[in-house]
Amino acid sequence: MNLSPNGSLSISHNVTNPKLNPIYVNDAIVTVTIKGSNGVEIVDESWPVTLPYVVGSNGDYSKSFDPFTSLTIGNIYTVIINVTGIDGLIDYCEHECRALRKIC
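So, a few notes on the structure that sits alongside this text. (Residues numbered from 1 in each chain as written. Predicted model: local features only at pLDDT ≥ 70, side-chain atom pairs only at ≥ 80, totals over all residues. Heavy atoms only, no water.)

1. A short note on the sheet that holds strand β6 (residues 90–98)
Here is step 1 of the chain: Read from one edge of the open sheet, four strands run β3-β2-β5-β6, paired in antiparallel fashion. With partners counted over all chains shown, the strands left at the sheet margins are β3 (49–51) and β6, one partner each. The mean inter-strand angle of the sheet, taken between neighbouring strand axes irrespective of direction, is 25 degrees.
Here is step 2 of the chain: Where strand β5 (residues 76–84) meets β6, nine bridges bridge the pair, whose relative direction is antiparallel. When the bridges of β6 are listed, I76 appears paired with R98. (Pairing = 2+ DSSP bridges. Helix = DSSP H or I, 4+ residues; strand = E, 2+ residues; numbered from the N terminus. Axes fitted to C-alpha atoms, helices over the stretch in contact; angles between N-to-C directions.)

Next up, the structure:
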């Protein structure tokens with residue numbers, strides 16, 4: 001995932017549980033938080049933000065955000081995804097992303 005202070009961003013996550021059949025989880029609570037390299041949440045949102053389920057998908061959760069103007073090009077940020085399923089599924093992911101200048 002690329003982060004850019006110049007444009008809107010969509011954050012998505014796919015949730016599966018290999019113990020289920022089908023494996024796709026469509027009823028979880030999925031949240032996202034973005035932190036700077038100092039471990040502090042960026043100021044553009046009130047974190048964590050819930051990613052809503054994409055209706056009719058196979059476990060996809062997604063949300064579009066306005067530009068994160070507090071990002072500094074070249075800096076590393078951590079995108080943290082937390083998942084809690086009603087069946088007891090717990091998941092946690094971290095993605096390190098560098099803020100890049102968007103060039104078209």
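2. Observations regarding the packing of aromatic side chains
Here is step 1 of the chain: Within the structure shown, the criterion is met by four aromatic pairs.
Here is step 2 of the chain: A cation sits over an aromatic face here: K63 above F65, 5.3 Å from the ring centre. (Phe/Tyr/Trp six-rings, centres within 6.5 Å; stacked < 30°, edge-to-face > 60°. Lys NZ or Arg CZ within 6 Å of the ring centre and 35° of its normal.)

3. A look at unusual backbone geometry
Here is step 1 of the chain: Here the residue pair N21 and P22 is connected by a cis peptide bond, since its omega of 5 degrees sits within 30 degrees of zero.
Here is step 2 of the chain: Along the polypeptide, P22 turns up in the loop between β1 (9–14) and β2 (29–36).
Here is step 3 of the chain: W47 connects to P48 through a cis peptide bond whose omega is -5 degrees.
Here is step 4 of the chain: Among the secondary structure elements, P48 is positioned in the loop between β2 and β3.

4. Considering the nonpolar core
Here is step 1 of the chain: Formed by 25 residues in total, the largest nonpolar core has its most connected members in V32, I34 and I81.
Here is step 2 of the chain: Those elements that place two or more of their residues in this core are β1, β2, β3, β4 (60–65), β5 and β6.
Here is step 3 of the chain: The element best represented in this core is β5, accounting for four residues.
Here is step 4 of the chain: I81 has contacts with I11, H13, V30, T31, V32, L51, D91, Y92, C93 and H95, leaving out every residue within four places of it along the chain. (Core = buried A, V, L, I, M, F, W, Y, C linked by side-chain atoms within 4.5 Å. Buried < 20%, exposed > 50% of the residue type's maximum accessible area, 1.4 Å probe, protein only. Contact = heavy atoms within 4.5 Å.)

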